[in-house]
Amino acid sequence: MKRATLLLLMTLGTAAQAQPATESVTVTGARSRQVLDRFVQSFAAPTRRTGKLARWDDGVCPTAVGLKPVFARYISQRLKTVAAEVGAPVNTSTGCKPNIEIIFTTAPQALMDNVRRKQASYIGYHDNSHQADELAKVTHAIQAWYTTATRDLRGRPMVDSAALQGVGEQSNIQGDTSALEFGASAVTGSRLGDGRRSTLYHVIIVAEPAKLLDHEIGALADYIAMLALTQLSSLDACQHLPSIVNLLAPGCSNPAQSLTESDLGYLRGLYKMGPSSNLRGQEDAIASAMQQQLDGK
C-alpha cells in the first residue's frame, strides 16, 4: 500500500484507511535495569500538585477534527485501541463526552490563545498570568496540554489549579464539574504513599498539518496516542530506548514509525502501577513491569 501521508489525507476526498502500525523494536541491552530506569525517569512528567505520574481513571473518549472524517475516525479509534491494549480505561459509549480533543488546524496559536482567554485551566497548571501565557505558546508541530486532577484517600477528585485553591474561587472548566472538590484532601502519613493519586482530566492535542506533510498517518496516530495516555516530560529529547516520541524530536537517528515495545511496556506499567505510591515507587513499578515484559514473563 502506498504511503498515506498527511498531504494525501488533506487533498483526497476518499482513500483507503491506514492500518495500525504494529512494528515492535527490540534493542540489544534493553533488558538492563539501569537502561530501563533511565528511560522511565526521563519519559513522563509528574504533576505539580502531587509530584506523581498522572494516568486516566475515567474512560478515554477522544474526538479528532480537521481531517477527512475517515482519517479523523481512524486516529480516534487507534487511540482507543492502544488504550485498551495497555490497560487504560476506555469509554465505549457512542455518545460519550470527549475528554481528549485532537485538533488539526492551520492556526494553532490563535486556537490556544483563545483557550488561554476562555478556558485557562485547559492549558495546564500555572501559578500566574505569565506562566499561563508561556504554557499557551505553540512550539511544536504536535503539542499537548493537560488538565490534571488529584484524588484523595477517599477517592474525591480535585482539579489541579492554583487559582482554585483560594476561598470562593470557581472552576472555569466548562461542562459538569459537580464531582470535583476544591477543598482540603484526606491523606495518610506514609512516606511510601499518602493516599493521593494524580489523574488526567482533559487533554488537548493540537497538530499543524503544514509541518507534518511527510509523515504517515499511522505514525502520527501512534504519536498522538502516546501524548494522550501519558504526560510526557519532553518532546525534544531523544529517548534512551526506541520510542515513537523520537518521531518529531530534532536530531534523533532512525526514529521509530510506530509505538515500540518500550512505549507499550511503559504504558502497561503506568496503568498497572500503584497510583497512590510516591514517584520513586511508581517509576520502580513501571521499570519492573517493562523488564518482565522484555524477559517474556
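Residues numbered from 1 in each chain as written. Predicted model: local features only at pLDDT ≥ 70, side-chain atom pairs only at ≥ 80, totals over all residues. Heavy atoms only, no water.

S.K.: Summarise the nonpolar core; cite the residues concerned and give the values.
M.R.: In terms of nonpolar packing, the biggest core is built from 60 residues, with I205, L229 and Y266 touching the most fellow members. The set of elements that each furnish at least two residues to this core consists of helix 2 (33-43), helix 3 (69-86), strand 3 (100-104), strand 4 (142-151), strand 6 (197-207), helix 6 (217-229), helix 7 (261-270) and helix 8 (279-294). If one sorts the elements of this core by residue count, helix 6 sits on top with 11 residues. In contact with I205, not counting residues within four places along its chain, are I100, E101, I102, I103, I142, Q143, A144, I224, L227 and A228. Grouped together as the second largest cluster of nonpolar side chains are 10 residues, V115, Y122, A132 and W145 included. (Core = buried A, V, L, I, M, F, W, Y, C linked by side-chain atoms within 4.5 Å. Buried < 20%, exposed > 50% of the residue type's maximum accessible area, 1.4 Å probe, protein only. Helix = DSSP H or I, 4+ residues; strand = E, 2+ residues; numbered from the N terminus. Contact = heavy atoms within 4.5 Å.)

S.K.: With reference to specific residues and values, describe the pairing of strand 6.
M.R.: Counting buried positions along strand 6 gives 9 out of 11 residues, so the element sits mostly inside the fold. With 2 bridges connecting them, strand 1 (residues 55-56) and strand 6 associate as parallel partners. Across the sheet, R55 pairs through a bridge with T199, a residue of strand 6. Of the pairings in the sheet, the one linking strand 3 to strand 6 comprises 5 bridges and is parallel in character. Residue I102 lies in a different strand from strand 6, and its bridge partner there is I205. Direction of pairing for strand 4 relative to strand 6: antiparallel, over a ladder of 10 bridges. Across the sheet, W145 pairs through a bridge with I204, a residue of strand 6. (Pairing = 2+ DSSP bridges.)

None of the figures reported here should be taken as evidence of function without further support.
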